[in-house]
Amino acid sequence: MTAPLHIGFIPLVDAAALIIAVDKGFTAAEGLEVTLVREVSWSNVRDKLNIGLFEAAHLLAPVAIASSLGVGHVKVPIVAPYNLGINGNAITVSPALHAAIMTEIDGDRLDPMATAQALARVVAARRKSGAEPLTFAMTFPFSTHNYQLRFWMAAGGVDPDEDVRLVVLPPPFMVESLENGHVDGFCVGAPWNSIAVDHGVGHILHFVADILVHAAEKVLAIRQSWAAKNPDVVARLVRSLSRAADFIEDPGNRGEAARMLARPERIGVDAEVIQRTLDGRLKISPDGKIRENSRYLLVGREGAGRPDPVQAAWLYSQMVRWAQTRISEEALKAAMAVFRPDLYDAALAISDSGSRSENHEIGAFDGPEFNPNDIAGYLASFKIFRRLG
């Protein structure tokens, strides 16, 4: 066995491969002794990873990039040899806001452009009446949730910095905040959208797969310096995660996986809620309406585990769009270098490029096709964005 590893995680279903790898014994089979440490906030996970209390972590992909660039915090280069999830988030709103959007909508309620434009009309009406701006929660400034909310709102003409309030809340606190009226909506990962629906306090308005067809979400994050000194351990982790992802994606194992994830020390919610997520069959409103989408959360299918540097480039472009950093070729290269498909391929002994799962386009519902070689041109196509300086 190698030296014991401590890996931090947040209670979310996209930590499934990590949790199952440990609890099903796949890490032990690779000669690894792993202790999973449940945390509440992404800042806790980031800071403990950065200072070495964690050897690895379940981490928001944009946080890994921001840490590597030294944006918003100290600079600690991070590598991501494994992608823990594609998609998995949803936008949930209060019953009152849902009713207001449905009253204003002109088009298909599953069309994010139609709902974004309806939201713009709701925002305008509130402003005219003197009402307080709507408040939306996301999990961290450097988060997919922040960028997905902003992308959706801006497409409909809502300026996320001027027309609404965006606040940061840890994932487990989202439902209570919606129930108490502290926020009008949120974007978060599973299972917290479903919990809001089950409690009768929220409607799932959109899956992130409506906003972005193929969106990198969480990664296995490792300090670059530690990974360089422990390449064999990194490879073992990747192999155990890949084995766990295969286990989870087998429909015959979903019930067992859901029960393991549901335990109090892991995610701590009903197993049936977790299985809905894994099956892509979610209740979206308190009246019991079900919506199915097989791509709601990809853990292992469609090459989900293999890090794609183009995804990192898109996340970096959103940091630039919303004035979290300035655009530069050097920073773009550094951002893309966080996602390490070479480490993934080496760990799984993938040498034939033809045997690799193909990467996917971002597939955003608005704007041109993303081109990582022309981020400035891509961003110039959007009417709403912030500029530094």
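Computed from a predicted structure; not experimentally measured.

1. So, the overall build of the protein
Summing up its helical and strand segments, the protein has 18 helices and 14 strands in all. Its C-alpha atoms give the protein a radius of gyration of 20 Å, within 12% of the compact-globule value 21 Å for 389 residues. Taking the principal axes of the C-alpha coordinates as reference, the protein spans close to 65 × 45 × 40 Å. Taken over 389 residues, the protein has a buried fraction of 60%. Taking as baseline every contact in the protein between residues at least 6 positions apart, the subset at least 24 positions apart corresponds to 76%. Computed over 38 positive and 45 negative side-chain charges, the inter-centroid distance for the protein is 3 Å.

2. A closer look at the nonpolar core
Ranked by internal contacts, the top residues of the largest apolar core, which has 144 residues, are Leu 119, Phe 136 and Trp 152. Take this core: its biggest share by element is 10 residues, from helix α12 (residues 231-249). Here this core spans two domains, and each of domain 1 (5-85 + 215-268 + 300-359) and domain 2 (89-211) adds at least three residues to it. Not counting chain neighbours up to four residues away, the residues in contact with Phe 136 comprise Val 93, Leu 97, Leu 119, Leu 149, Trp 152, Met 153, Val 164, Arg 165, Leu 166, Val 167, Gly 185 and Phe 186.

3. With respect to unusual backbone geometry
A cis geometry characterises the amide bond from Ala 190 onward to Pro 191, with omega recorded as 15°. Note on placement: Pro 191 falls in the loop between β9 (185-189) and α9 (192-198). Here the phi dihedral of Asn 87 falls at roughly 65°; this positive angle occurs in a residue that is not glycine. With respect to the element layout, Asn 87 can be found in strand β5 (residues 86-87). Judged by relative accessible area, which is 0%, Asn 87 ranks as buried. Of note in this structure, Ala 349 is not a glycine but carries a positive phi near 55°.

4. Concerning the domain arrangement of the protein
Accessible area lost upon the coming together of the parts serves often as the stated size of an interface. Segmentation of the protein into domains returns domain 1 (5-85 + 215-268 + 300-359) and domain 2 (89-211). When each unit is reduced to the centre of its C-alpha atoms, the spacing between domain 1 and domain 2 is 27 Å. Taken together, the contacts link 27 residues of domain 1 with 24 residues of domain 2. Taken together, both faces of the contact between domain 1 and domain 2 bury some 2000 Å²; the carbon and sulfur share is 73%. Its largest share of buried area at the contact with domain 2, domain 1 owes to Val 40, Trp 322 and Gln 324, together 26% of the area lost on that side. Applying the counting criterion to the domain 1 and domain 2 interface returns zero salt bridges. Connecting domain 1 to domain 2 are six residue pairs in polar contact (both at pLDDT 80 or more). It is helix α15 (residues 309-321) that contributes the most residues to the side of domain 1 that touches domain 2, five residues altogether. Residue composition of the side of domain 1 that touches domain 2, grouped by class: 18 nonpolar, five polar and four charged.

5. Considerations on the packing of aromatic side chains
On inspection of all chains with the given rule, the structure shows eight aromatic pairs. Seen from their ring centres, Phe 370 and Tyr 378 are 5.0 Å apart, and the 80° between their planes marks the pair as edge-to-face. Here the two residues Phe 370 and Tyr 378 agree in accessibility, since each one is buried. With centroids separated by 5.1 Å and ring planes inclined at 80°, the aromatic side chains of Tyr 378 and Phe 382 adopt a geometry described as edge-to-face. The pair Tyr 378 / Phe 382 is uniform in exposure class, with both members buried. Three or more aromatic residues link up through ring pairs in this structure, and these residues are Phe 151, Trp 314, Phe 365, Phe 370, Tyr 378 and Phe 382. The ring of Phe 207 carries Arg 291 above its face, with NZ or CZ at 4.4 Å from the centroid. A cation sits over an aromatic face here: Arg 321 above Phe 382, 4.3 Å from the ring centre.

6. Observations concerning the pairing of strand β4 (residues 78-83)
The buried fraction of β4 amounts to six of the six residues, a majority that puts the element mostly inside the structure. Looking at chain direction, β4 and strand β11 (residues 218-223) are connected through four bridges and run antiparallel. Each residue of the ladder has a partner; that of Asn 83, found in β11, is Val 219.

7. Side note on the pattern of salt bridges
Here the structure, examined in full by the defined rule, presents 26 salt bridges. Salt-bridge contacts for Arg 236 lead to Asp 232; the nearest nitrogen and oxygen are separated by 2.7 Å. On the criterion of helical spacing, the pair formed by Arg 236 and Asp 232 is a turn pair, its members being four residues apart in helix α12. Residues joined in a network through salt bridges with shared partners are Asp 23, Arg 263, Glu 265 and Arg 266.

8. A closer look at the environment of Val 22
By secondary structure assignment, the location of Val 22 is in helix α1 (residues 16-23). Classification of Val 22 as buried rests on a relative accessible area of 15%. Spatially, the C-alpha atom of Val 22 lies 45 Å from that of Ala 120, the residues being 98 residues apart in sequence. Beyond its immediate chain neighbours, meaning those up to four positions away, Val 22 contacts Thr 27, Val 34, Leu 36 and Arg 266.

Rules and cut-offs
Residues numbered from 1 in each chain as written. Predicted model: local features only at pLDDT ≥ 70, side-chain atom pairs only at ≥ 80, totals over all residues. Heavy atoms only, no water. Helix = DSSP H or I, 4+ residues; strand = E, 2+ residues; numbered from the N terminus. Rg over C-alpha atoms; globule rule 2.2 N^0.38 Å. Buried < 20%, exposed > 50% of the residue type's maximum accessible area, 1.4 Å probe, protein only. Contact = heavy atoms within 4.5 Å. Lys, Arg positive; Asp, Glu negative; His and termini not counted. Charge placed at Lys NZ, Arg CZ, Asp CG, Glu CD. Core = buried A, V, L, I, M, F, W, Y, C linked by side-chain atoms within 4.5 Å. Domains from an automatic or database assignment. Buried area = accessible area lost by both parts, 1.4 Å probe. Salt bridge = Lys/Arg side-chain N within 4 Å of Asp/Glu carboxyl O. Polar contact = N/O pair within 3.5 Å; in protein donor to acceptor, adjacent residues only side chain to side chain. Nonpolar A, V, L, I, M, F, W, Y, C, P; charged D, E, K, R; others polar. Phe/Tyr/Trp six-rings, centres within 6.5 Å; stacked < 30°, edge-to-face > 60°. Lys NZ or Arg CZ within 6 Å of the ring centre and 35° of its normal. Pairing = 2+ DSSP bridges.

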